[in-house]
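Structural description and commentary
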Amino acid sequence: MHSRHFPWLAGSLPSVIRSWTWVISQVALSFAGPKVEDEPMGASVEITSGLRASFDQAFAAIDPGYQPRLQAEWDWRTRQVPGGAPAETLLDRRGRVQAHYAALGTRVLDGEHCLPVAQVVDTFASSELSLPRRVRAFTRACESFVESTCLPAAGGFVLCYGFPVRPAWRIGRAHLGYTVLQEFWRQGIGAQDAARSLVAGDLAFEDDCEWPSELDAFFAQHAGELGLPFMRDTAFLRWRFDQRPNVKYSRCLLRRGLGLAGWAVLRVTDWSGERVALVCDRFCATGDQEAELALDHWLGTQALAAGVTHLVAAGGEHSPEFRGAQERGWRIARSDYCMVGRSFDPDRPDSDWARRLRWTLADTDLV
Amino acid sequence: MGEQSNKLEVRPLEPQHIAQVLGWYSMRKGTVMEWLLLDGAWPVHSLVACEGETVCALLPVVQLGDPIPGERPAMWEWGQPLVAPGSDAGAARGWVETLAAAFLRGQDDPEGVVLTWSDTRDPVPFDGLERLGSWSMLQGLPTGAEDGDWVMQEALPLDDAAAAFIGACAGASAWVPRRSSAYLDWRYGRAPGGGHEATGVLEGGELRALAVTGPPRWEDQPEECLGDGPSTHVPCRVLPVYEFWVAEGASRPGQALLGNLAGQARAQACELNLALPSWQPAFDLCVGMGMRVTPTSRDLYARPAALAPSGPRASQAWNSRALDLEALRCAWPWSLGDAHFSWCPFESSGPAD
């Protein structure tokens, strides 16, 4: 797996940035400012053949195993995103792609308010450019993206964030105003240890069923205990896990009697060179220890059934579940990634996001 | 130094200034402040802003370890600036900015590093700092150490051999302040209140792991709830581990040392508390023995120890020379001992107060 952020930057910062005349063009950017609350944000970017070719060339240059995306995957990542997929593409005078800055629109819940935020993904600058020109092009694409989609633009994103590999985001810090928000802690546990977790008698699992309509209210009821959690509702979960082409996720709903008590989503795949079961998402009420143990049990059991010995999850140090997971036996290790971001809300400095954001792998494009 | 800004004069800190500052808030920790800022073995880096003989503000500065000129960049820690009570907020901010600029101008070392720890809930008191990330601790009572053919030595002297061992563990990293025996003696031997103890593991007569603990203390642990309610903290009694160094390939002696420290903590009804960057092998060793990664409310900030030049040509030079934060994150094996102000605080008042 590779981060799709700033993949073009190799080596040190440029010593010279030359002036250049750029033609900036928004590629079918029908994004009209994210709507908060519960409505989908709508329109997405059109991926042209030229953009795809540039994208493939840029990522193939840094990843020998890179495989071009199928059209269905592009559609899922752009047209079908519930929160929209705004992008900015920089073209030169001959119409060639110089840089592309793109995001997946999503939301963070702050009390009763949904805040539009952007996960920056699939960004690149043409590998045919010299390093100084790449920096310049990428910075221009980012600036234009910010101007049209982020605060103070009406309804604009309040935060842009991403999960780059550490060495690759120097330009984000040096030129784009990004800062480290949280560590990307890898959390691991043996599948057998997880499977041994006790399941209380009044809890039961429903495997691979539809996301229920009561989920939205269940999340809203308990989200206030999570700081600033990324929004979960059936629209997001269907898009994230049901509609993605060619990727199989397993999931369970946890029920206590007839009521919803939580859920978990699992994907068996290769991660950092080993076969693991990745916990893509999980949720239950904060402090519901029985539900946490039951979800551990389900995850461990599923991993073992798939022939995998280790479960891996990820999260930041300020996640409210961070301590509890360690007390249940999950062990923390470093990863190659970090969560970086840039706040556009003057009332919310980076440090506030850093201290309160709660995310899972579902809020990354890594799984 | 003698920099003038209107009637304001910036001077190196002197003992009579400490007396004035202590009087501001009826501070009782004068011994700590004098030890940290004025100990005679080290150059004084702290600055005061004075109007006449009256101290208006203090920028507390401690150098991390001993710099090796020409080999390793120097690192300094800035403490929370102190300003005279009742000062106008705007004037106070100006004093702090003047002090910070005077310090940076005095160092003029773009490869040097200025660090400060700041509570995430407070405004950062200085301009030009970049957030390096949250400051997390390792905490718990590790278990699982095995017996081996080594000797556990408590009350280990922090002498030249200990300093050389730490230097060898730190390796060739560009961001390691050297801990000389003189530094170790100041930092732990002469710290007010005492109570610092070094423990070592010797294998075949050679030091393989070393730790320095301090006196037990109460540490606030953030509660899990981060919602809209008031943030709550749970006090926890901890045995702080200021230094924890393990030789390359010495994971089992390292485990034995951690097990010994756990025994010391248990005997004092404490948990162990230490800070390590996650890229260090000792981090995995600690987690593997059951220590928890525990976030604190503090963030770490850094900046080059020089004023950024103005003008495009100067900016290019600055960018090519100035501090690379990612390199710092990945090559500075920080420990609790590096955080002088955060863990031996004296009462303070920032310009925003």
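All values reported here derive from a predicted model rather than from experimental measurement. (Residues numbered from 1 in each chain as written. Chains lettered and ligands numbered in written order. Predicted model: local features only at pLDDT ≥ 70, side-chain atom pairs only at ≥ 80, totals over all residues.)

It is worth spelling out the overall build of chain A at this point. Scanning chain A from N- to C-terminus turns up 10 helices and 16 strands. When the 367 residues of chain A are sorted by exposure, 52% land in the buried category. (Helix = DSSP H or I, 4+ residues; strand = E, 2+ residues; numbered from the N terminus. Buried ≥ 20, exposed ≤ 12 C-beta atoms within 10 Å, placed from the backbone.)

Helix and strand counts for chain B stand at nine helices and 16 strands. Relative to all contacts within chain B whose residues are 6 or more apart in sequence, the contacts with residues 24 or more apart total 77%. (Contact = placed C-beta atoms within 7 Å.)

As a further point, take the sheet that holds strand β10 (residues 250–256) of chain A. Residue and element names in this part refer to chain A. Strand order across the open sheet formed by seven strands is β8-β10-β11-β12-β13-β7-β14, with mixed pairing between neighbours. Among the strands making up the open sheet, the edge pair consists of β8 (203–207) and β14 (331–333). Sheet twist, expressed as the mean angle between neighbouring strand axes with direction ignored, is 30 degrees. By the bridge criterion, 10 bridges tie strand β11 (residues 259–271) to strand β12 (residues 274–284) in an arrangement that is antiparallel. (Pairing = 2+ DSSP bridges. Axes fitted to C-alpha atoms, helices over the stretch in contact; angles between N-to-C directions.)

This part covers the environment of Arg96(A). Structurally, the position occupied by Arg96(A) is in the loop between β2 (87–91) and β3 (97–110). Here the alpha-carbon distance between Arg96(A) and Gly50(A), two residues 46 residues apart in the chain, equals 7.4 Å.

This part covers the packing of helix α6 (residues 251–267) of chain B against helix α7 (residues 281–288) of chain B. Between two packed helices, the angle of one axis relative to the other and the distance separating the axes together describe the packing. All names here are of chain B. As a packed pair, α6 and α7 sit with axes 10 Å apart at the nearest point and diverge in direction by 55 degrees. Taken together, the axes of α6 and α7 lie oblique to each other. Relative to α7, α6 is oriented so that their crossing is right-handed. Residues Ser251, Gly254, Gln255 and Leu258 of α6 touch α7, and the partners they reach there are Ala282, Leu285 and Cys286. The class makeup of the residues in the contact of α6 with α7 is four nonpolar, three polar and no charged. (Parallel < 35°, antiparallel > 145°, perpendicular 65-115°, else oblique. Left-handed = near helix turned anticlockwise from the far one by under 90°. Nonpolar A, V, L, I, M, F, W, Y, C, P; charged D, E, K, R; others polar.)

Residues and elements named next belong to chain B. Domain annotation for chain B reports domain 1 (3–135 + 299–338) and domain 2 (136–297). Taken together, the contacts link 27 residues of domain 1 with 32 residues of domain 2. Of all the secondary-structure elements, those providing two or more residues to the side of domain 1 that touches domain 2 are α2 (30–38), β9 (130–140) and α9 (325–331). Each residue belonging to the side of domain 1 that touches domain 2 can be placed in one class, and the counts come to 16 nonpolar, six polar and five charged. (Domains from an automatic or database assignment.)

One finds Leu254(A), Ala57(B) and Leu99(B) to be the most contacted residues of the largest nonpolar core, which totals 207 residues. Residues in contact with Leu99(B), not counting those within four places in the same chain, are Val10(B), Leu47(B), Ala49(B), Ala57(B), Leu59(B) and Pro81(B). (Core = buried A, V, L, I, M, F, W, Y, C linked by C-beta atoms within 7 Å.)

Here the focus is the domain arrangement of chain A. All names here are of chain A. Annotation of chain A at the domain level lists domain 1 (23–171) and domain 2 (185–334). Here domain 1 and domain 2 have C-alpha centroids that lie 29 Å from each other. At the junction of the two partners, domain 1 supplies 15 residues and domain 2 supplies 12 residues. Listed by contribution, the elements that provide at least two residues to the side of domain 1 that touches domain 2 are α2 (71–77) and β3. In terms of residue count, the dominant contributor to the side of domain 1 that touches domain 2 is β3 (five residues).

This paragraph deals with helix α4 (residues 160–170) of chain B. Note on helix geometry: an α-helix contains 3.6 residues per turn, so any two residues three or four positions apart are oriented the same way. Residue and element names in this part refer to chain B. Along α4, the residues classified as buried are Ala162, Ala163, Phe165, Ile166, Cys169 and Ala170. Projection of α4 onto a plane perpendicular to its axis shows the buried side chains occupying an angular sector of 160 degrees, all on one side. Exposed side chains of α4 directed beyond 90 degrees from the buried face belong to Asp160 and Ala168. (Arc of directions from axis to C-beta.)

All names here are of chain A. Counting buried positions along strand β15 (residues 338–343) yields six of six residues, so the element is predominantly enclosed. Residues Cys338, Val340 and Arg342 point to one face of β15 and Met339, Gly341 and Ser343 to the other, with burial holding for every one of them. Bridge count between strand β5 (residues 159–162) and β15: four bridges; the pairing is antiparallel. Its bridge partner being in β15, Tyr161 is matched across the sheet by Gly341. Alignment of strand β6 (residues 179–183) against β15, held across four bridges, turns out to be antiparallel. Residue pairing in the sheet places Glu183 in a bridge with Cys338 of β15.

All of the buried residues in α7(B) are Ala282(B), Phe283(B), Leu285(B), Cys286(B) and Val287(B). At the exit of α7(B) stands Gly290(B), carrying a positive phi of roughly 100 degrees.

Of note, the amide linkage connecting Leu151(A) to Pro152(A) takes the cis form, showing an omega dihedral of 10 degrees. With respect to the secondary-structure elements, Pro152(A) resides in the loop between α3 (131–149) and β5. For Asp108(B), which is not glycine, the phi dihedral falls at a positive 50 degrees. The exposed category is assigned to Asp108(B), around which 11 C-beta atoms lie within 10 Å.

Moving on: the pairing of strand β8 (residues 109–119) of chain B. Consecutive side chains of a regular strand alternate in pointing toward one face of the sheet and then the other. Residue and element names in this part refer to chain B. The element β8 is extensively covered by neighbouring structure, given that eight of its 11 residues are classed as buried. Where strand β6 (residues 75–78) meets β8, three bridges bridge the pair, whose relative direction is parallel. Looking at the pairing, Trp76 lines up with Val114 of β8. Bridge count for β8 against strand β16 (residues 292–305) is eight bridges, and the pairing is antiparallel. Counterpart to Thr116 in the pairing with β16 is Tyr301.

Looking now at the environment of Arg196(A). The residue Arg196(A) is located in the loop between α5 (191–195) and β8 in this model. A count of 14 C-beta atoms within 10 Å places Arg196(A) in the partly exposed class.

Take the confidence of the model for chain B next. Residue and element names in this part refer to chain B. Predicted confidence across chain B gives a mean pLDDT of 84, with 84% of residues reaching 70 or more. In the model, residues 223–231 has pLDDT below 50 throughout and makes 23 contacts with residues more than four positions away in sequence or in other chains. Predicted confidence for residues 344–353 stays below pLDDT 50, and this span has 25 contacts to residues more than four positions away or in other chains. (pLDDT = per-residue confidence, 0-100.)

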